[in-house]
Each structure stands twice: as structure tokens, then as C-alpha cells.
Amino acid sequence: MTSVRVRKKKHLFELVALPCLSVALAFAIGFVLVWAFGFDPFEVYGVLLSGAFGSVENLGWTLQNTTPLIFTGLSVALAFRAGLFNIGAEGQLVAGAFAAGLVGWLVPELATRPNLTRLPFWKSVWFPFGAFTLSAWALVLMIWVLRVAFTDPVRFRARLSTVARSLVAFGLVSILWLTAPEILAAFIGIAAQFVIPLSLIAAALAGAAWAAIPGILRARLGVSEVINTIMFNFLASYMASYLLTTATFKAPGSVPQTPRIGVQAELASLASFVPASIQHDLAATRLNVGFLLGIVLAVGVGILLWRTTAGFELRAVGGNAEAARAQGIPVGKSIVIAMCLSGALAGLGGAEQVLGVHHAFVKDFWTGLGFTGIAVALVGQNHPLGVVVSAVLFGALQNGAVEIDMMTLFPRELILVLQALIIFFVASGSMMWRTILPRRS
Amino acid sequence: MIGIHKSFKRVTANHDASLSVRRGEIHALVGENGAGKSTLMNILYGLYRPEKGQIRIFGEPILDLSPTQAVQKGIGMVHQHFMLIPPFTVLDNVILGIEESKGLFLDSSRIERQIVELGERYGLKVDPKARVEDLPVLLQQRVEILKVLVRGAKILILDEPTAVLTPQEVDEFFKILRTLRELGSTIILITHKLKEVKALSDRLTIMRGGATVASAETSDVNEEEIAQMMVGRPVRFAVEKEHRPPGDVRLALKNVSYREKGRTILEGIDLEIRSGEILGLAGVAGNGQSELVLGLMGILPDLKGEILLDGRSLSGLSIRARSEQGVAYIPEDRLKHAVLTDYSIEDNLVLGTHHRPPSSAWGWLDRQAIRSGAENLVAEFDIRPPIPDAPVRHLSGGNQQKVVVARECSKEPRFLIAALPTRGVDIGAIEFIHQRLIELRNRGVAILLVASELSEILSLSDRIAVLYRGRIVKILPTEEATESGLGLAMAGVV
Amino acid sequence: MNEILTVLTQYTVIGSTPLVLAGLGGLFSEKAGVINIGLEGFMLFGAFFSALVAAKTGNPLLALFVSTALLTVLGLVFAVFTVTLKANQVVSGVALNMLASGLTLFLSQVFFDRHRSFTIPDEAKLDSGLFVVAALLLVPLMTLVLDRTRLGLRLRAVGENPRAADTAGISVTFYRYVGVTLSGVLAGFAGSFLPFYSGSFVKNMTAGRGFIALAVLIFGKWRPAGVLGAALVFGFADAVQTLLSAHIPSQFAAMIPYVVTIVILVGFIGRAVPPAALGLPYEKESK
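Residues numbered from 1 in each chain as written. Chains lettered and ligands numbered in written order. Predicted model: local features only at pLDDT ≥ 70, side-chain atom pairs only at ≥ 80, totals over all residues. Heavy atoms only, no water.

J.: With reference to specific residues and values, describe the pattern of salt bridges.
T.: Residues and elements named next belong to chain B. For the coordinates displayed, the defined rule picks out 34 salt bridges over all chains. Ionic pairing is found between E112 and K129, a salt bridge with its closest N-O pair at 3.8 Å. Residue E112 is found in helix α4 (residues 109–122), and its partner K129 is found in the loop between α4 and α5 (137–150); the two are separated by 17 residues along the sequence. In this structure E112 comes out as partly exposed when scored by relative accessible area, which is 23%. With relative accessibility at 52%, the residue K129 sits in the exposed group. The partner of E380 in a salt bridge is R436, with the nearest N and O atoms 3.2 Å apart. Of the two residues, E380 sits in helix α13 (residues 367–380) while R436 sits in helix α15 (residues 427–442), which places them 56 residues apart along the sequence. On the basis of relative accessible area, R436 is assigned to the buried category, the value being 12%. A cluster of three or more residues bridged by salt bridges with shared partners is formed by R131, E133 and D134. (Salt bridge = Lys/Arg side-chain N within 4 Å of Asp/Glu carboxyl O. Helix = DSSP H or I, 4+ residues; strand = E, 2+ residues; numbered from the N terminus. Buried < 20%, exposed > 50% of the residue type's maximum accessible area, 1.4 Å probe, protein only.)

J.: Before we move on, could you go through the sheet that holds strand β18 (residues 327–330) of chain B and cite the residues and values that matter?
T.: Residue and element names in this part refer to chain B. In spatial order, the strands read β18-β21-β22-β15-β23-β24; together these six strands make up an open sheet with mixed pairing. Every interior strand has two partners, whereas the edge strands, β18 and β24 (471–477), have only one. Strand-to-strand, the axes of this sheet are offset by a mean angle of 20°, without reference to chain direction. Lying on the sheet, helix α9 (residues 289–297) is in contact with β15 (278–282), β18, β21 (415–419), β22 (446–450) and β23 (463–468); it crosses β21 at an angle near 150°. Set on the sheet, helix α14 (residues 397–410) makes contact with β18 and β21; between it and β18 the angle comes to about 175°. (Pairing = 2+ DSSP bridges. Axes fitted to C-alpha atoms, helices over the stretch in contact; angles between N-to-C directions. Contact = heavy atoms within 4.5 Å.)

J.: Please set out the environment of B:Y258 residue by residue, giving values where relevant.
T.: Residue and element names in this part refer to chain B. Structurally, Y258 can be placed in strand β13 (residues 249–260). Taking C-alpha positions, Y258 is 8.1 Å from E291, a pair spaced 33 residues apart along the chain. Here Y258 is in contact with R263, T264, I265, L266, E291, L300, D302 and L303, once residues within four sequence places are set aside.

J.: Summarise the interface of chain C and chain A; cite the residues concerned and give the values.
T.: With 43 residues of chain C at the interface, the matching set in chain A holds 45 residues. Together, the buried faces of chain C and chain A total about 3,900 Å²; carbon and sulfur atoms form 84% of this surface. Counting across the chain C and chain A interface gives one salt bridge. A:E413 is paired through a salt bridge with C:R116; the nearest N and O atoms lie 2.9 Å apart. Linking chain C with chain A are two residue pairs in polar contact (both at pLDDT 80 or more). Looking at the side of chain C that touches chain A, the elements that each hand over two or more residues are α3 (60–84), α4 (89–111), α9 (209–219) and α11 (250–268) of chain C. When residues of the side of chain C that touches chain A are assigned to their parent elements, the largest contribution, 15 residues, is made by α4(C). Among the residues making up the side of chain C that touches chain A, the classes are represented as 33 nonpolar, eight polar and two charged. (Buried area = accessible area lost by both parts, 1.4 Å probe. Polar contact = N/O pair within 3.5 Å; in protein donor to acceptor, adjacent residues only side chain to side chain. Nonpolar A, V, L, I, M, F, W, Y, C, P; charged D, E, K, R; others polar.)

J.: If you had to explain the packing of helix α4 (residues 89–112) of chain A against helix α14 (residues 331–358) of chain A to someone new, which residues and values would you point to?
T.: A pair of packed helices is captured by two measures, namely the crossing angle of their axes and the spacing between those axes. Residues and elements named next belong to chain A. Between α4 and α14, the least distance of the axes is 6 Å, while the angle of their chain directions is 50°. Between α4 and α14, the angle is such that the two are oblique. Both α4 and α14 take part in a crossing whose hand is right-handed. In contact with A89, Q92, L93, G96, A97, A100 and G101 of α4, α14 contributes S342, G343, A346, G347, G349, G350, A351, V354 and L355. Considering only residue class, the contact of α4 with α14 consists of eight nonpolar, eight polar and no charged. (Parallel < 35°, antiparallel > 145°, perpendicular 65-115°, else oblique. Left-handed = near helix turned anticlockwise from the far one by under 90°.)

J.: So what's going on with the packing of aromatic side chains? Residues and values would help.
T.: The full count for this structure, using the stated rule, is 36 aromatic pairs over all chains. Ring geometry for A:F312 versus B:Y343: centroids 5.3 Å apart, planes at 65°, classification edge-to-face. Remark: B:Y343 occurs in the loop between α11 (334–338) and α12 (345–350) and A:F312 occurs in helix α12 (residues 309–319); the pair is interchain, linking two chains. Neither residue differs from the other here; A:F312 and B:Y343 are each classed as buried. Stacked on the ring of B:F432, the Lys or Arg B:K402 has its end atom at 5.3 Å from the ring centre. C:K56 extends its terminal NZ or CZ atom over the ring of C:F112, reaching a point 4.5 Å from the ring centre. (Phe/Tyr/Trp six-rings, centres within 6.5 Å; stacked < 30°, edge-to-face > 60°. Lys NZ or Arg CZ within 6 Å of the ring centre and 35° of its normal.)

J.: Tell me about the interface of chain A and chain B, residues and numbers included.
T.: Size of an interface, as often reported, equals the accessible area lost when the parts are brought together. Counting residues at the interface gives 23 residues for chain A and 29 residues for chain B. Across the chain A to chain B interface the summed buried area is about 2,500 Å²; carbon plus sulfur atoms make up 58%. Our count for the chain A to chain B interface comes out at one salt bridge. Between A:E313 and B:R320 there is a salt bridge, with the nearest N and O atoms lying 2.7 Å from each other. Where chain A packs against chain B, one counts 14 residue pairs in polar contact (both at pLDDT 80 or more). Broken down by secondary-structure element, the contributors of at least two residues to the side of chain A that touches chain B are α1 (3–36), α11 (290–307), α12 and α13 (321–326) of chain A. Sorting elements by how many residues they give to the side of chain A that touches chain B places α12(A) first, with five residues.

J.: Describe the pairing of β15(B), with residues and values.
T.: Residues and elements named next belong to chain B. Of all five residues in β15, five are buried; the element is thus mostly enclosed. Every second residue of β15 is oriented toward a common face, with I278, G280 and A282 on one face and L279 and L281 on the other, all of them buried. Taken together, the four bridges between β15 and β22 define a ladder with parallel strand orientation. Bridge pairing links L279 to L448 in β22. Relative to β23, β15 runs parallel, the two being bridged by four bridges. Along β23, the bridge assignment pairs G280 with I464.

Structure below.
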């Protein structure tokens, strides 16, 4: 074999061995930790493992935990490939979940109501708000046109097509605004049929939008997306918290959550697709087709990254943005696209949780999903296949944690500690293992 | 230094290298890029440890040399890329590592006085309180030398010190070196500029392929002989180039200027390059060449004035759009602008055209087409190793540059900018690249060649323009150009 | 009106003190060239350990002492990962925050009978005035150290051009260790302020202050006096939030500091110049 091929094989080996060794080491330290606090490590680890994989039902719970981690893991991994640290997957997940929860609830709900055109919403919110926005837009347009037309006619003529397009857009939006009630009434029936795709699209858009702002700030102004996305996480969390206290969005009852989504918006449980022998066990969990969606998206991300022009450019930007730019790749655009896709993936993860698991947007369901997603992406070496495997690992850990909580007196936060240790060991990468393991000749 | 042996992983940098320098002489260490000169000197300075060999300084054998020890023994090194902290003052830069304190706080007054005194004695005047980032390169170099002198260096190692100086500044610099020699210092000069070797050194040692191949009194050898020993075979200094009448004006620059942070970097640039012509842009680094080139490419967007390619304006076009108009570019900073080191050879070969057929269609990459295209180019340009999916990181500098040249040539450009195209490239690849440039010229491409080596400019260009402080101060056909005339122009004397 | 002003001032001081301390910590780390996203985690550890010892022993000074010792160890460990093992600094910081979150809850349950939060008896509390004074003293002290001592000069050199420092015979590793460890200690000290002020330790009580401290650093242009000024601005935002929370939904009030952070970050990009080698692990060429 040529030296290049040997190096490639070695590189691949390192790619797989490194995370495995890191996980093993973290587990070893956890073992010691359990023992140091006076508990039986074998018992605790035994509970962990059996809780994760011990029975069909447990496996179902594990996979249920895995599902959102696939989404957030892919989200973070994709962003990493473009050289971006998307710590904001959690906030994007919240945005997507909320959007899905809204659409999943409202569309079926409205479909059952007659006289949609007479909803108080139109008179109190839609028309005033729209009138305000449209007049402002019209005003700005007029002022700009008048100013440029009179001061710089040459430039005005050059921009005539833009002006024309602006006017046409304005016209279309105005028409849509005026006829919105009628359109809604006419199409709500159809919409209700397609509520799942609609919810998913809404979730993806919401997640993308929540990620777009830090993305644009990074692309245009060079503001670090690290701190920004963390801030946006807090904002999303507080926003959601607040909305769940308002009468518009909170369902009656003691639990802070939105009203339940319509039945047609629910993601089918995977239990209905498996052989009868295990069906009953799985039915106890909320494992749903969202899991399959996650797998499909993992494949999609892989195809995007390595088979498309957009993926090529994204990875180039992640490898060396300066060189990419010098070679004509629109770096700013790539960054924004990467963040939006990343946000969309996280948003879809939120949709799965709302549509498949909780069937409503429940307060604080999202805690930890974003940060765990970072761990998943890292351990999975930012590769779609790795992300899926690593998501299973972390899903197992989380499920095991619940079991530990139930069956032993040991604090379940052990899992968080294990996660952090895994990240440390993977992040120190080859450097650490080269010092600990003997040199391969 | 006797029988020095040093390798890095699988690369042998020094193999049985020996060097002997007499007290009080200026000794030139000559060789081309990669010959092992810098490595050998880094060993002498204690930065690297050799696997085999002996080092004796002033007769005393030294084991386990470290930089601190080397300094103690009187060795000082001025690196090719300055080791300065830009936001710090000159004084802070000099004291770093040898700070003196009064109680808890720093007290640099003694060293400050020493800097002033040394400045007078050797002609190295600098303001100790000035911030290094505000100083021109010439003065920054003085700071580097002062650092070494303040530490009491008797043996000075200078690594390619004239790379950043105009010919006139080089003369000034030589005066300083001669003063140093008169006052008792020993100087080892690492260089590949043969004219300087002849002008300045007393003796020289030639390195090739990690070994020392010869040692001589400078007066006993001439430049051709030195070059031959450097390369191991007779070297062609001139490139064969047939005279061709140039075609129509392909690229025109009219009154191009550029300001950055209030400073004028380029002003009043008027240039025309015809198809089938190589215009060489001469000038010391830092006079606006980089900005002109980056501006032409669109990487720096704010060039004012007209830039016309075949009559069509390039201003305002994105980098990709310019590329589609037929502009190609060999960047001066390969790693920063030209290649993605973690990508494979084939991916780098389509970088820039990856979004168009044949490499892609409707957003999908056609890996077959990319692979076969790469295989052709790898064969045509003799890129080693000839494995299209090898990461570019594993290639030598020369081969990396060949990838860049292959890519730009394959775009069939109408206008090519070659900025320092042979920097960090070994001689075999240099000849190859020069051939390619001539070939493109013969096929009617207009080429702007930016280089700092006058020999390269003189041998390749049809016409030469000199850039000084952002202005074209001289422009003339190559037949009428002389090195000294160009040198004067490069220093602003027209 | 007068009353509002007094309250505002009081809340501003209370809000800015931990930020000044944590910001100074971050300053030391970043001046040496290491990004410390883990300030939040260090703060949380500091809050937890001091609260733990104070609650168990009733001795606040002992609590501070133990907490500082433990945070020195943690800082050293973090330095091992980021400096010696050259792990990605941002990722390591995120991991440290996760570790802090998990470990503090874990240990809280171990020591307090499965409770995730606990209170500190009154006699074990430290007057917040101590922290304010410390913050005010540390600002000029740090300025002196950075500008006029050997340690400060070398630390800054290591953060601007580690290769140059290395060639001058200065150990890049040593000074980065100093910077990182000190940042851990200072951030821990900053964190201790929180439980002593409020009287209890609750889950994740730092609530993002560590991240805001990073914004304070950028806003303050990486200078101690700047950090003080920036922290006051954020403290003021915090104070406004506390006052407003009676009148507007608490969640909106809570969002104010984060929005301010974003605005500051956006407004200050390009005008603040970080140490040149920030975030880049130093690769020494093999000997």
C-alpha cells in the first residue's frame, strides 16, 4: 500500500477508536466516582445497562430518548462542518417545537369551526397590525422613490426594475392580507389533511429563523456565534415561558402547556409497525416515526455534505474560510445557509417531541437536549453515521439515568458528569491518546 | 558544528552537516529552499536537538544546547519572520525574557539606555518607546538586531535578512554588518541571494539536500559555480522566450487608487497589459502589490478607478463573477488563499469551478468527472504523489503550487495574475512553472507577474513596471531595464 | 425618586460585582491567549463549594478557602486539557459548564440528602460588601500586574505572539497555565458571591452570568478598567430588570441582560481588538 493509503486507514481508525476509548475512560472514572461515594458500582452500572437495553420496552425508551438527540446532533454537526459553533440548538429546538405545537393545535381546531371569517382575531389583530405594517412599507417605498427620483435620476432609472418588483410584491402582499380570512376558510379543510407536513415545515422554518439571526450577525458583522446563540437560548426559553402564561397559548389546567394538538397531527407510534410479539412492549413508550425521520435526515445530511455543490462549499468554508472566499465561494451566504439548515434540523427535533411524544408544547421539555446534542455531535465526529450511533449511546445514558433514579439512591446527575467527561476526552483528541497509549510504529 | 544529523519524523533535514566559522568573519550559509540551512542554524541556537554530531563554540564543546544556553554562550539569532510582539513597544520587545525589576515592578531604564547607546554605535537608531506595529519593516529589523546585541551576542545568525529590503536599504544594512564585524562580531548569514554572498561574505558554505557540500573562500568562487553546487547541476539562469508582438489591450487600469484606514496604499495606477504579454511588477514587499492584486481579484473590494477586462468593467463584480469573466489567480499566500489543505488534490483542482459543469450539474457534484479531470491534470503537471484523493496537506510546497498552477491554467483564462508564483518552491518545480507561464503567454493570455526577485522578473517579463509607495514610478520594456536602474526605482529614486 | 435611585444603585452594585470578578478572571485567561467559555462553570463551582462548606461548617472564611483551593485544582485540570492537550478551547469550555452543572447537582444530593438545593444559615454568610471591596481593589491591582510586572508582560506576550515569546525563552505553557488557573479562581470567587448574598444554593444559580462576563470582557476591550465600566453597565441593566419585574412579566425583565449582551456584542465588533493569539493552541516545533 502506498503511504497515502496507509495514512488514510490510520486516520479512519483514529476516527472510530478515539470516541470509543474516550467513552470507556469516562465510564471508568464514573465507576470510581460511584464507588467513592459508597455505592456499589456494579449495581449502579447494572441498572444503567439494563435500564437502557434490558428489555424491548427499555430499548424503546432508549430510542425515544435518542430521537431528539439525532436531530440536535445533526444540527450541531452540520454547523461544525461549516466552521460554526451552534450552541443554540436548544433555542432553535424550542422555536421549532412551538411552531409545530401551534400549527398542530390550531389547524385541526380551526378546521372544526364554522365561520372562520368571523373570528375576532381578524378584527383585533390581523387587520390593524397589517394595516400598520403595510402603510409603513408603503410610506418607506414612497419616500425612497421620491427622494432618489429627484436627486439622482440616473440611479433611479438603473434601479427601475427593483422598484417595479417592489411594487408588485407590495401589491401581492396587500391582496393576500385583505383576503386572508377567505383563503383560510377555503383551505383549512385541506390544510387539516396535511397538518403533519405543515407542522414540520413550520418547525423547520421557525428553527431556521431562530438560527438565522446569529448566522447573519456572524456573516455580516463577524460577531461570534458562540455567545450569541447561547443568549438566544435564554431568550427562547424565557419567551416560551412567558407565552405559556398567556391566555392565548396556555391550555386550561395546571400544567403549563399549549392546548393538545389535534389527533391528525400526531406522529404515529412505531409500535404499529412492528411484529405483534413486541408491539405491546413498545406501545408503552412514545417511540414514533420521528425516529425514522431522524435517520432519513442523517442520510440526507450525508448526501448534502459530500455529494452536492452546497455541501462542498460549506465544508470549504469550514476548512479555510479565507481560501474559500478567495476562490469565489460566497462565504457569508454559506454561513447563513449552514446556520439556517442547522436551525431547521434542531427545529424538526422539537417538532418530533411535540407531535410524537408530548402531543403539546410543554414547558421545559427541552432542557438539556441542545447541550447533549453538542456532545453527540462531537463523539460522532461530526459525521451523520457517527451522530446516529452516538445519539443512541447518549439516549441510552439518559434512559439509564431515569432507571438509576428509580431503582437506586444514586443521583442521576452522574450521567451529566459522564457526558462532560466524554466531551473532554474526545475534544483533547489525538493529543491525549498519543501521550497515554504507546506509540504505534 | 561537526557531523550534525537531524530528522523530523520521516524527513531528514540535516545529514552529516558540518560548518566551521572563524572568529570575526562574515560567513554565508548558502542553499536553496529546503536544503537544511535554517534547521542547522536552529540547532546552533538550541531550538532543535540533533540526533548526532558535535557543536563547539569558541573551542568549548557544548552538550544539550538550549536557547538560554546559546544566548549565554554569545549566540544570537534574527529569524526570517520577525519574532516581535506588535502591540508592545520596542523596549518591551527587547526586554522580554531578560526583564529587570526594582522590587515588584519592572525597571527597564538600564536597557533603555543600552538601546540608545547601541543604536548610536552600530547605526541602529530606534525610538525605544515606539510601538513595533507602527514601525516600518526596516526599523523592525533593527529592533530584532538590538534584541540580540543587548543580550551580548558575539555570534549573530541572520536568516534571510534582506528579503524585505530594497537594494538601497540592503547597502545600508551591509554597512551595519561591516561595522559589527569591525567591532568584533562574527556573523553567519543564511541566504540564497548569490550577489549578496559575493558582495559581503568572507567565506561561504553550501548546503544541498540536508548536507554540506562545499566550503570556500568567497573570493575563490563565482556565482555560477555557487549556483551549480547549490543545485547539483548546471543551472539555466535565463528562460528561453521567443519574442512575440503582443495583441490588443486585454486589461486596463485607469487611475486606480486604494485607501485603507486613512492611508493611501495605491494611487494613480495606470496600467495596460496586452494579450500575449507578461507584465512584471517589481517592488519591495509592502509597497502596495498585495493590495493591487487582491483588489484586482475582488478579495479586497474597495479599489477606486476603472478596471477593464477587454473593455468590460470588473469593478463591483464578485470574486466568482470575475473568475467567470476569465480572470485566474495564483495567490502569493498559498495556504491562506489558494488551497484547502484538508481537501484532496482533485477537490482542490476543481475549487473555483466546482459549481459549474463538468464538475457539477443542478447542484450535484459529478465525482466521476472530477476524478477524470484530476487524473489528466495530475499527469500533465507531474504532480506527486499522483493520487487524486490524497489530501493536499501531504504534498510538498512545490507540488502544492503545481496544483494551484494546474487549476488556474485549466480554467483557460484570459488574464492571469501570478503573485510570487515560485515562493517556497524547489528549483525543479520553478523551472516547470516558468515554462507554463511562458506557454500561457504564447497562447495569448495576458499575465501580471508580481515577484520580489528581480532575476525572475527580468527573465520572464516582456515589460516591467516598478511599484513604489503605491505608485507606478517606472515602466519600460525588459530590453531596456537594468538591475541597478530597477533597484533605484524600487527605492523611489527615479 | 430618591428611593428609586438608591435602590437602583444598590442593585447595580450587586449585579456588577460578580461580573467584574468573573470578567477579571476571563481577562487573565484571554490575555494569555486562552478563551475561557467555562467561566460559567467555574462560577457555578465556586458558588457550590463555598455554599457547601459554609452550610456544613458554619465558617464562611473556611468556605472561601476551601472553595479557592478546589477551584485552583479545577483550573489546573482545565489548563491541562486546553493548553497541554490542545483541546478545542470553546468545546472544552462547554464541557466544563456541563460538568459543573452535573457535578454540583450530584454532590448537592450526596451531601444534602437528595436535595438539589440548600440554604446557608445566617451566621455563615459573608457580607457582600467584602466582595464589592475586593472587586474595586482588584481592578487597579490587575492593571498594575499586567502593565508593570514581569509576570504581566510575559503573560501578554504569550497571548499575542507565543512563538516570539517561546524564542525569547519564555515558557508559553507556564504562563497559559497561570492565566487559566487564575481565571478559574477568580470566577469561582465571583460565583461565591451569589449564595452568600441570597442565602442559598439553587440549581444552576449562575444563570448565564459567566457568558455575560465574556461580553463584559469584549465590551471592556480586554482592559481591567474597561471590565469595571462594562460590568457596571450590565449591572445597571440587571438593576433595571429587578425593578421592572414588578411591573412587566418577569420573563421579559429576565431577558433584558441577554438582549443587552447581544446588542453590545454587535455594536462592538471590530472596535475591540482581542489578543492576537486568542483561541489558538500553541504548537511547539518538536525538539
